[in-house]
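Structural description and commentary
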Protein chains: 2
Amino acid sequence: MLTAEIIAVGTELLMGQIVNTNAKFLAERLTGLGISVLHQTVVGDNPRRLRDAAELALSRCDVVVFTGGLGPTDDDLTKETVAELFGAELKLHQPRVDRMRAYIRGWDRSMPENNLKQAYLPAEGDGIILPNDNGTAPGCIFEKGGKTAVLLPGPPREMMPMFLNGAEPHLRKLSGAELYSRVLRIFGIGESAAAEQVDDLIKNQTNPTVAPYAKEGEVTFRITAMANSPEEGERLLAPVAERMYREFGDKIYAEGDGATMAGTVVELLRQKNKTLATAESCTGGMIGSAITSVPGASEVYGFGFITYANEAKEQILGVRRETLAAHGAVSPETAAEMAAGAKRVSGADIAVAVTGIAGPGGGTPEKPVGLVYVGLASERGVRTVKLNLSGDRERVRTRTVLNALDAVRRALL
Amino acid sequence: MLTAEIIAVGTELLMGQIVNTNAKFLAERLTGLGISVLHQTVVGDNPRRLRDAAELALSRCDVVVFTGGLGPTDDDLTKETVAELFGAELKLHQPRVDRMRAYIRGWDRSMPENNLKQAYLPAEGDGIILPNDNGTAPGCIFEKGGKTAVLLPGPPREMMPMFLNGAEPHLRKLSGAELYSRVLRIFGIGESAAAEQVDDLIKNQTNPTVAPYAKEGEVTFRITAMANSPEEGERLLAPVAERMYREFGDKIYAEGDGATMAGTVVELLRQKNKTLATAESCTGGMIGSAITSVPGASEVYGFGFITYANEAKEQILGVRRETLAAHGAVSPETAAEMAAGAKRVSGADIAVAVTGIAGPGGGTPEKPVGLVYVGLASERGVRTVKLNLSGDRERVRTRTVLNALDAVRRALL
């Protein structure tokens, strides 16, 4: 199995001004190619330390992926440094110069001469040029004596397409085996309890492996098989996935890293030709935001009510003043009337409402911070769910959104 | 100036399952203490590679901060590895054992015996113990021969308080100089244009330094002075900050890393004793979410309308059918009627409305993706702003929220 190191170049990373999302992206992609990531490093724009880091990485790994340091300024040194280590020649590529001039002219500017630096690229035979469709700095690949260096730009919107289109196919050929995964997304059980239920799989499985990890408010299981073809990968994954479905049933709400609870709910609503309305107090619009982040949500969602004040609950949703007086805003009675009111006013098939105490203030011994009621109104009637959530304001609100959407999901299933 | 390296330990980081937010946090804090961060490294739960990384770091930096690897499993090796490098002894601390048992008993569970590992801590004189108020693994500091190692847990909600309360005071004493910063938060001008305006400051300033960096949809300038006291720091920072206020005026909406546009708006509303209502189409609740994420928002915000469907714009806000037919949902006319309707229905002093095309679908040559209208209704009347935003769906929505809140801010000033 090939080994890899990721080196991110940039003083703003080193000083903590930005988070290293590039490393996460590259580590995930490399791992998926069956390449074992052994090291991740961040260095600043310092020639000596960059060279030392590159040399060390090339001595201890087969593949080294660099991001950053490909720009036009004097601080940008990655290409020159790595070319020297590989004994490769950099030549001025006229087509690249012309292309850069055209790209910058598109901004009504003339090209600063130091941009020419970016057009010095590996000579034919010394390396592979990776085109940049989102910026002026091309990347490149150097290869010699069993070592591969991939040089990518720093900005994520330039780096990611270049890696996926230019570098990954090359690395896929290099890597002997490939990893195939199924990612099960689970809501309604904690990580420890879930891991206990399939402890034998986690401990004993070698191919595929089963690994749990906690995401905000939910649990994810990644089942990973090493195989020589997608078909073989699927054959290895299927029985393990079936076991997981037997264990967790409908707590598994979706598969895939990109899946979301909101996306799952919108798709279910679409399939069943149902519409949804929302009535939010403590979440203040977060449920509506989540639903509308899904392209095509307009087919299933039209009305959302943020009734942050009691007055709004009464005036907009028809929650009765007597209910608020007798039970308070945070009560199953109020949640039920909010949901029924949202359904009635909007004409939607289903309405979900939330009312709770997100904190930090507002809690009492009877009604502590984290107490939230979810109301759900459908053709079958109105029901409520009581939640006791822990954590800070944002955590209570985020968990409430997941719980509310999950209640809609279960009502649809 | 002291030098530092940050070593994050954890295979899930290495494999790209999570982003290394710990490194960003620590790098930012260390830089603020006047400690120069030269290296950041990620290693997996591998004894040999962890030891090599620790040894290399201690050879090339004065301070090494570790996160992760303090847990109860066999993979958790940071403490044992670093203690060995320092020739320090780890002893079982009975008070710590008792405290751990009590903490875990709070979850109605008995303590697995391997948790005892976490109670092996530096013996008196060999190191300093850092209490963990949010988990079972204490951290510690080893110090010898001019080298300092700080060991912190992996989970951010345990690591950050432990660093701030336990490690930072110790490192502050160690570091000779200290950095003092003012962070100016700017909206309404791009990073390049802003940097050009104060190019002389960025290029020539040595103490304080001025550094721009782009945040999502806004620009931040960090002015940093090295000084021997807070008072001296303030004296150095003031004239540079004044120059920035002369250059950017009310585009500077707040100071401080933690400031937000929503927080600024809520505070202004509070100061002026005004209430706000929101009417959202394409943002689907994101403006309401932003406002309600600010503790105390209930004093100034009570009503939010998510009128995602045209039917909802008509029924809830009273937008006229003729307006929608003649101009469409995405028009200044509709934005104005949405804002006026939200103000009327809610009785708020100010109402802000947004209607636009977030994408990826829905665009036409006349009304492309990214076209958004903001409507603002106040006692002074109703006005609209036209935006042409670029980027994907989430970026258009996020930028719309900032623009809408900034419109409210300017109306209040």
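What you see is a predicted model; the values in this text were computed from it and never measured. (Residues numbered from 1 in each chain as written. Chains lettered and ligands numbered in written order. Predicted model: local features only at pLDDT ≥ 70, side-chain atom pairs only at ≥ 80, totals over all residues. Heavy atoms only, no water.)

Thoughts on the relation of the copies chain B and chain A
So the rule is basically this: We place the copies in one frame by least squares, fitting the C-alpha atoms of every residue whose pLDDT is at least 70 in both. Two residues qualify as a contact provided that any one of their heavy atoms is within 4.5 Å of a heavy atom in the partner residue.
With an RMSD of 0.5 Å, the operation that places chain B on chain A is a rotation of 180° combined with a shift of 0.3 Å along the axis. Such a combination of rotation and displacement between the chain copies is what one expects of a two-fold axis. Interface residue correspondence from chain B to chain A reaches 96%, placing this contact among same-surface, isologous pairings.

Quick word on the sheet that holds strand β12 (residues 252-255) of chain B
Strand pairing in a sheet is mediated by backbone hydrogen bonds. Such pairs are either parallel or antiparallel. Residue and element names in this part refer to chain B. Threshold: Should DSSP find at least two bridges between two strands, the strands are regarded as paired. Segments assigned H or I by DSSP are reported as helices when at least four residues long, segments assigned E as strands when at least two residues long, and all are numbered from the N terminus. The axes are straight lines fitted to the C-alpha atoms, using for helices just the contacting stretch, and the angles between their N-to-C directions are given from 0 to 180°.
Here 4 strands make up an open sheet; going across it, the order is β10-β11-β9-β12 and the pairing antiparallel. At either end of the open sheet lies a strand with only one pairing partner, and these are β10 (209-215) and β12. Put simply, the sheet's adjacent strands are angled 25° from each other on average, direction ignored.

Section: the domain arrangement of chain A
This is how the line gets drawn: Domain segmentation is taken from an automatic or database assignment of domains.
By domain assignment, chain A separates into domain 1 (3-175), domain 2 (178-255) and domain 3 (262-412). One C-alpha centre belongs to domain 1 of chain A, the other to domain 2 of chain A; they are set 34 Å apart.

Some words on the nonpolar core
Rules: What makes a nonpolar core is a set of buried Ala, Val, Leu, Ile, Met, Phe, Trp, Tyr and Cys residues whose side-chain atoms join them at distances within 4.5 Å. Exposure is judged per residue with a 1.4 Å probe applied to protein chains only, and the accessible area is read against the type maximum: over 50% gives exposed, under 20% gives buried, and values in between give partly exposed.
I291(A), L405(A), I291(B) and L405(B) are the most contacted members of the largest nonpolar core, which has 80 residues in total. Beyond its immediate chain neighbours, meaning those up to four positions away, L405(A) contacts M261(A), A262(A), V265(A), I287(A), A290(A) and I291(A). Among the nonpolar cores identified, the runner-up in size contains 35 residues, and F305(A), M338(A), A339(A) and A348(A) belong to it.

Regarding the interface of chain B and chain A
The cut-off we apply is this: A 1.4 Å probe defines the accessible area here, and the buried area is the portion of it lost by two parts on being joined, summed over both. Salt bridge, as used here, is a side-chain nitrogen of Lys or Arg placed within 4 Å of a carboxyl oxygen of Asp or Glu.
Contacts between the two partners involve 56 residues from chain B, matched on the other side by 57 residues from chain A. Carbon and sulfur atoms supply 58% of the area that chain B and chain A bury against each other, a total of about 4,600 Å² over both sides. Summed over the shared surface of chain B and chain A, the number is 0 salt bridges. With 5 bridges joining them, strand β2 (residues 36-43) of chain A and strand β2 (residues 36-43) of chain B adopt antiparallel strand pairing. Opposite V43(A), over in β2(B), you have H39(B) as the bridge partner.

Considerations on the pattern of salt bridges
Residue and element names in this part refer to chain A. Scanning the entire structure with this criterion turns up 46 salt bridges over all chains. Here E394 and R397 are joined by a salt bridge, their closest N and O atoms 3.3 Å apart. Here the residue E394 and the residue R397 both occupy positions in helix α15 (residues 393-412), the gap between them amounting to 3 residues, near one helical turn. Accessibility expressed as a relative area gives 33% for E394, which makes it partly exposed. Of the residues examined, R397 reaches a relative accessible area of 1% and is grouped as buried. When the shortest N-O distance is used, the salt bridge between D406 and R410 registers 3.0 Å. Taken together, the residues D406 and R410, both in helix α15 and 4 residues apart, mark about one turn of the helix. Exposure remark for D406: the relative accessible area of 6% places this residue in the buried category. When salt bridges with common partners are traced through the structure, they connect D250, D406, R409 and R410 into a single cluster.

Details of the pairing of strand β7 (residues 139-144) of chain A
Residue and element names in this part refer to chain A. Summarising the sheet, strand β6 (residues 127-130) and β7 pair through 4 bridges and their orientation is antiparallel. Bridging across to β7, I128 finds its partner in I141. With 5 bridges joining them, β7 and strand β8 (residues 147-152) adopt antiparallel strand pairing. Across the sheet, residue E143 finds its bridge partner in β8, namely T148.

A word on the state of the cysteines
All names here are of chain A. Note the following rule: Disulfide assignment relies on a single distance test, namely cysteine sulfur atoms paired within 2.5 Å.
A complete count under the given rule lists 0 disulfides over all chains for this structure. In this structure C140 is not part of a disulfide, and its nearest cysteine sulfur, from C61, lies 19 Å away. Relative accessible area serves as the criterion here: at 1%, C140 is assigned to the buried category.

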